[in-house]
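Residues per chain, in single letters:
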Amino acid sequence: MVSASVKDVAALAGVSVGTVSNVLNRPEKVSVEVTARVQSAIDKLGFVRNDAARQLRAGMSHSIGLVVLDSANPFFTDLARGAEDRAAAENFTVLVGNSNEDAARESAYLDLFEQQRVRGVLLSPVGNVIPRLEQLRRRGIPTVLVDRQTENMSFSSVAVDDLAGGEMAVAHLLSLGRRRIAFVGGPESIRQVADRLSGARKAIDAVAGATLEVIATESLTVLSGRAAGESIRFRPEAERPDAIFAANDLLAVGVLQGLMLLGGVKVPQEIALIGYDDIEFAAAAVVPLSSIRQPSALIGSTALELLLREAAAEDGFQPTQVVFPPELIVRASTQG
Ligand code: RIB
């Protein structure tokens, strides 16, 4: 059964469509007698107003668009949940898209969210999206960058200091007496990866005799980590690193599998291992993983809060860059 329209209600009540709209949106403009006639027609026809269409027409959508780099990564699941919880408190919903670290997919989601007239966008960016975000803002849709610091101070952003996080991870490995460090991660086109590597280099430079080998990966996944771990296991012992910093925990879980398969390498005795994010799989790994914790849910809720403030601001909104400190979580993979 097709649901009744405003026109059907107007015809049954013997009034104009504009009068029905007034009864629904500006009841103070309609007499008691006409309101009763219209309400009776609404009840008889089972008319249900289409709030989404009304919100879209009024440009007052109660949806927020969120584009994450990898929806399979629990870090982003936790970030999205933080944003959703904060949004629900303000009667907003969050539409989540996965760019899968692909600039074309990211662009398609930004187009979709613009068509949907979302109230704002949260974005963990893949490419150089600033021009597109400036266009969105000119069209009334603000953006807050998540999981990414930005030099472009015209956009708010919420992230962890990945430079400090990378330095913290490698300084921890060096504090164990390890000196042949390997960094496993990539692509470096992802700003988070590049910053963590820069931080790692800074820690290495502070210790005489310490070396850093970069084992680049095509993605930040368990499979990429496992391939890197196996490549290290296949090496002669003397050519292996004595510690590994993986750019995120999914890689670290894969590296652990690749190293330990067939009783290959003992972690941490032969090779210490640390990841980044402190997702729940880190603590649950067969050798509980040390990691650099990111307050993922707090990143999401803070970004949502900034976005709602900018969306509500009439003009002259001052963008804010929030940078949380990283936190070292020590577990079995770097003890002993
Ligand atoms: O998506 C890549 C990584 O960047 C995630 O694992 C998380 O660390 C984010 O900061």
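Rules and cut-offs
- Residues numbered from 1 in each chain as written.
- Predicted model: local features only at pLDDT ≥ 70, side-chain atom pairs only at ≥ 80, totals over all residues.
- Heavy atoms only, no water.
- Core = buried A, V, L, I, M, F, W, Y, C linked by side-chain atoms within 4.5 Å.
- Buried < 20%, exposed > 50% of the residue type's maximum accessible area, 1.4 Å probe, protein only.
- Helix = DSSP H or I, 4+ residues; strand = E, 2+ residues; numbered from the N terminus.
- Domains from an automatic or database assignment.
- Contact = heavy atoms within 4.5 Å.
- Polar contact = N/O pair within 3.5 Å; in protein donor to acceptor, adjacent residues only side chain to side chain.
- Axes fitted to C-alpha atoms, helices over the stretch in contact; angles between N-to-C directions.
- Parallel < 35°, antiparallel > 145°, perpendicular 65-115°, else oblique.
- Nonpolar A, V, L, I, M, F, W, Y, C, P; charged D, E, K, R; others polar.
- Pairing = 2+ DSSP bridges.
- Near = heavy atom within 4 Å.
- Areas by Shrake-Rupley, 256 points an atom, 1.4 Å probe, with all protein chains shown as cover.
- Expected span 1.5 Å × (residues − 1).

Undergrad: Can you walk me through the nonpolar core in this structure?
TA: Residues Leu122, Ile244 and Phe245 are the most contacted members of the largest nonpolar core, which totals 70 residues. Per-element tally for this core: the top contributor is helix α11 (residues 249-260), with 7 residues. Of the residues that make up this core, three or more belong to each of domain 2 (53-161 + 296-324) and domain 3 (162-295). Once you skip the residues sitting within four places of it in the chain, Leu122 turns out to touch Ile64, Gly65, Leu66, Val67, Ala83, Val144, Val146, Gly300, Ala303, Leu304 and Leu307.

Undergrad: Is there a simple way to think about the side chain of Gln294 in this case?
TA: Checked against the element boundaries, Gln294 lands in the loop between β10 (291-293) and α13 (296-312). Its relative accessible area of 4% is what places Gln294 among the buried residues. For Gln294, the side chain forms a polar contact with the side chain of Asp277, separated by 2.8 Å. Setting aside anything within four residues of it in sequence, one finds Gln294 in contact with Phe75, Asp147, Val160, Asp162, Arg196, Tyr276, Asp277 and Ile299.

Undergrad: Please explain the domain arrangement of the chain as it appears in this structure.
TA: Many descriptions give the size of an interface as the accessible area lost when the pieces come together. Each domain of the chain was delimited in the assignment, giving domain 1 (6-45), domain 2 (53-161 + 296-324) and domain 3 (162-295). Relative placement of domain 1 and domain 2: their C-alpha centres are 39 Å apart.

Undergrad: Looking at this structure, I do not really get the packing of helix α6 (residues 103-115) against helix α7 (residues 130-138). What am I missing?
TA: Packed helices, taken two at a time, are described by their axes: the angle between them and the distance between them. For the pair α6 and α7, interaxial distance at closest approach is 12 Å and the crossing angle is 0°. The orientation of α6 relative to α7 falls into the category roughly parallel. Across the interface between the two elements, Leu110, Asp111 and Glu114 of α6 pack against Arg132, Leu133 and Leu136 of α7. Looking at side-chain class alone, the contact of α6 with α7 contains 3 nonpolar, no polar and 3 charged residues.

Undergrad: I would appreciate a short explanation of the sheet that holds strand β7 (residues 211-216) in the present structure.
TA: Strand pairs in the sheet, formed through backbone hydrogen bonds, run parallel or antiparallel to each other. One open sheet accounts for 4 strands, arranged β7-β6-β8-β9; its pairing is parallel. Unpaired on one side and paired on the other, β7 and β9 (272-274) mark the two borders of the sheet. Shown here is a sheet whose adjacent strand axes are inclined to one another by a mean of 20°, direction ignored. Here 3 bridges tie strand β8 (residues 243-246) to β9, and the two strands are oriented parallel to one another. Bridge pairing in β9 links Ile244 to Leu273. Strands β6 (180-185), β7 and β8 of the sheet are contacted by helix α9 (residues 191-205), whose axis makes an angle of about 160° with β7. Of the strands in this sheet, β6, β8 and β9 touch α11, which is tilted by about 145° from β8.

Undergrad: How should the sheet that holds strand β4 (residues 143-146) be read in this particular structure?
TA: With parallel pairing, the 6 strands of this open sheet are ordered in space as β2-β1-β3-β4-β5-β11. Each edge of the sheet is formed by a strand with only one pairing partner; in this case those strands are β2 (93-98) and β11 (321-324). Neighbouring strand axes in the sheet, compared pairwise and without regard to direction, differ in orientation by 15° on average. Pairing analysis gives 6 bridges linking strand β1 (residues 63-68) to β2, with the strands arranged parallel. Directly across from Ile64, in β2, lies its bridge partner Val94. Together, β1, β3 (120-123), β4, β5 (156-160) and β11 form the strand contacts of α13, whose direction differs from that of β5 by roughly 170°.

Undergrad: Teacher, can you tell me more about the site of the ligand here?
TA: For the ligand, the full set of nearby residues is Leu69, Asn73, Phe75, Phe76, Asp147, Gln192, Arg196, Leu220, Asn248, Asp277 and Gln294. Between an oxygen atom of the ligand and a side-chain N or O atom of Arg196, the distance comes to 2.6 Å. Within the contact set of the ligand, an oxygen atom lies 2.9 Å away from a side-chain nitrogen or oxygen of Asn248. Here the ligand has 280 Å² of accessible area as a free molecule, and 100% of this is covered by the chains.

Undergrad: I'm lost on α13 in this one. Help?
TA: Working note: α-helix, 3.6 residues per turn, so residues spaced by three or four point in the same direction. Here α13 contains 17 residues, and its C-alpha end-to-end distance of 25 Å stays within 8% of the 24 Å for a straight helix at 1.5 Å per residue. For α13, every residue scored as buried is listed here: Ser296, Ile299, Gly300, Ser301, Thr302, Ala303, Leu304, Leu306, Leu307, Leu308 and Glu310.

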